[in-house]
Amino acid sequence: MEVFGTLALALGASWCAGINLYATVCVLGLMSRYTGFDLPPDLMVLEHTWVIGVAGVMYCIEFVADKVPAVDSAWDTVHTFLRVPAGVVIAAMALGDVPMELQVIAGMVGGTLAATAHTTKATTRVAAHSTGTSPILSPIISVGEDALVVGTVALIAANPVLSLFIVALMMIAAYFILKTCWRITRSVFRTLFPFLKRLLGAPHPDSAAPA
C-alpha cells in the first residue's frame, strides 16, 4: 500500500496542481499538519505556516479571479508557467529518496499530468466564452474544479488506490473534453472569420470584378 500511496501522491497531486496549484498546496499542508497525513520528507515544507498562509491567500485571490469571465483566461495564461513546473516538482519530490533517474521520470510524468489538466481547464474556459454563456458557466465550472481538487487531494490520503483510479478517469475525460472544446472553438472561429475578413478590408470573392 505504501507504493500506491506514493504513486497516488505523485500523480494525483500533480494533476490537481494543473487545475488549482494553491488549493493543492494548501490542502496538502493542512492535512500533513493537522490530520497526521505523512508527506515525504522533501514535501514536508508544505506544512510550514508561511507556505500554508501564502497558498491560502493566493487561493482566495484565484477563487475570485477564476469566477470572472475573461479574467479567468488571463489568469490561466499566466499560471501556465507556474502549474506545470509545480507538477514536475511535486511528482519528483513525492518519491522521496530514490535514484535521480526515477525522480526525473516522475517529474516528466507529473509535468505531463499537470499540463494536461491545465490545458483542459483553460480550453474549457475558452469554449465557454465562445458560446456566450461564460457569465453563467465560468463560476459553476470554477466551483466544480475547486471541489474536484480538494476532494481528490483528500482522497489521496484516505484511499490511494481509488484516487489513482479517479485520476485515470479524469485523464480519459480530459481527452473527450479537449476534443469537444476544440470543435466548439473551431466552429466559432469559422463563423467569425468572414466578419474578421470584412473588418480588415479584404475584398469579398464575389465582389471582385475584372478590370
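Scroll up a little and you will see the structure.
A brief structural summary.

Conventions adopted
All residue numbers refer to positions counted from 1 along the written sequence of the respective chain. Side-chain atom pairs in this predicted model are given and counted only at pLDDT of 80 or more, local residue features only at pLDDT of at least 70, and totals for whole chains, interfaces and linings cover all residues. Only heavy atoms go into the side-chain values, all of them from the structure, while hydrogens and water stay out. Among the buried residues, those of types Ala, Val, Leu, Ile, Met, Phe, Trp, Tyr and Cys that are joined through side-chain atoms within 4.5 Å form a nonpolar core. Only protein chains enter the calculation, and the probe is 1.4 Å; a residue is then buried if its accessible area is under 20% of its type maximum, exposed if over 50%, and partly exposed in between. Note on contacts: a residue pair qualifies if any of its non-hydrogen atoms lie within 4.5 Å across the two residues. Any carboxyl oxygen of Asp or Glu that lies within 4 Å of a side-chain nitrogen of Lys or Arg is treated as forming a salt bridge with it. The helix and strand labels rest on DSSP assignments: H or I over at least four residues marks a helix, E over at least two residues marks a strand, and numbering proceeds from the N terminus. Pairing of aromatic rings covers Phe, Tyr and the six-membered ring of Trp, with a centre-to-centre limit of 6.5 Å; geometry is then stacked below 30 degrees between planes, edge-to-face above 60, and tilted otherwise. The criterion for a charge sitting over a ring is simple: Lys NZ or Arg CZ within 6 Å of the ring centre, and within 35 degrees of the ring normal. To get an axis, a line is fitted to the C-alpha atoms, and for a helix only the part in contact is used. The angle between two axes follows their N-to-C directions and goes from 0 to 180 degrees. Angular relationships are summarised with four words: roughly parallel below 35 degrees, roughly antiparallel beyond 145, roughly perpendicular across 65 to 115, and oblique for the angles in between. Each residue receives one of three labels: charged for Asp, Glu, Lys and Arg, nonpolar for Ala, Val, Leu, Ile, Met, Phe, Trp, Tyr, Cys and Pro, and polar for the others, Gly being one of them. A helix is expected to span 1.5 Å multiplied by its residue count minus one. Here a polar contact is taken to be a pair of N or O atoms separated by no more than 3.5 Å, where protein atoms must pair a possible hydrogen donor with a possible acceptor and residues adjacent in sequence count only if both atoms sit in side chains.

Observations concerning the nonpolar core
By size, the foremost hydrophobic cluster in this structure holds 37 residues, and its most contacted members are L9, W15, L28, F37, L39 and V153. In contact with W15, other than residues within four places in its own chain, are L113, T116, A117, V167, M170, M171 and A174.

A word on the pattern of salt bridges
Summed over all chains, the structure comprises ten salt bridges. In this structure, K121 engages D66 in a salt bridge whose closest nitrogen and oxygen atoms are separated by 3.4 Å. Here K121, found in helix α5 (residues 100–131), pairs with D66, found in the loop between α3 (49–65) and α4 (71–94); they are 55 residues apart in sequence, far enough to count as distant. The class for K121 is buried, based on a relative accessible area of 3%. Residue D66 is classed as buried on the basis of its relative accessible area, which comes to 1%. Between D146 and K67 there is a salt bridge, with its nearest N and O atoms 3.6 Å apart. Remark: K67 occurs in the loop between α3 and α4 and D146 occurs in helix α6 (residues 134–158); sequence separation between them is 79 residues. Across this residue pair, the class does not change: D146 and K67 are buried.

Remarks on the packing of aromatic side chains
Tallying each qualifying case throughout the model produces two aromatic pairs. For the ring pair Y59 and F63, a centre distance of 6.1 Å and an interplane angle of 55° mean the geometry is tilted. One end of the pair is Y59 and the other is F63, both in helix α3 and four residues apart, which spans about a single turn. Note on F63: relative accessible area 37%, which makes it partly exposed. Relative to F176, the ring of Y175 lies with its centre 5.1 Å away and its plane at 75°, an arrangement referred to as edge-to-face. Its relative accessible area of 48% is what places F176 among the partly exposed residues. Geometry around F63 places K67 over its ring, the cationic atom sitting 3.6 Å from the centre.

Describing the packing of helix α1 (residues 2–19) against helix α2 (residues 21–34)
Between two packed helices, both the angle of their axes relative to each other and the distance between the axes serve to describe the pair. Where α1 contacts α2, the axes come no closer than 6 Å and their chain directions differ by 135°. Classified by the interaxial angle, the pair formed by α1 and α2 is oblique. Along its contact with α1, which presents L9, A13, C16, A17 and I19, the element α2 presents L21, T24 and L28. Here the contact of α1 with α2 is built from residues that sort into seven nonpolar, one polar and no charged.

So, α2
Look at α2: 20 Å from first C-alpha to last across 14 residues, which is about the 20 Å you get at 1.5 Å a residue. Those residues of α2 not exposed but buried are L21, Y22, A23, T24, V25, C26, V27, L28, G29, M31 and S32. For α2, the capping residue at the N-terminal end is N20, with a side-chain oxygen 3.3 Å from the backbone nitrogen of Y22. Of the residues flanking the end of α2, it is G36, one or two places downstream, whose phi is positive at about 85°.

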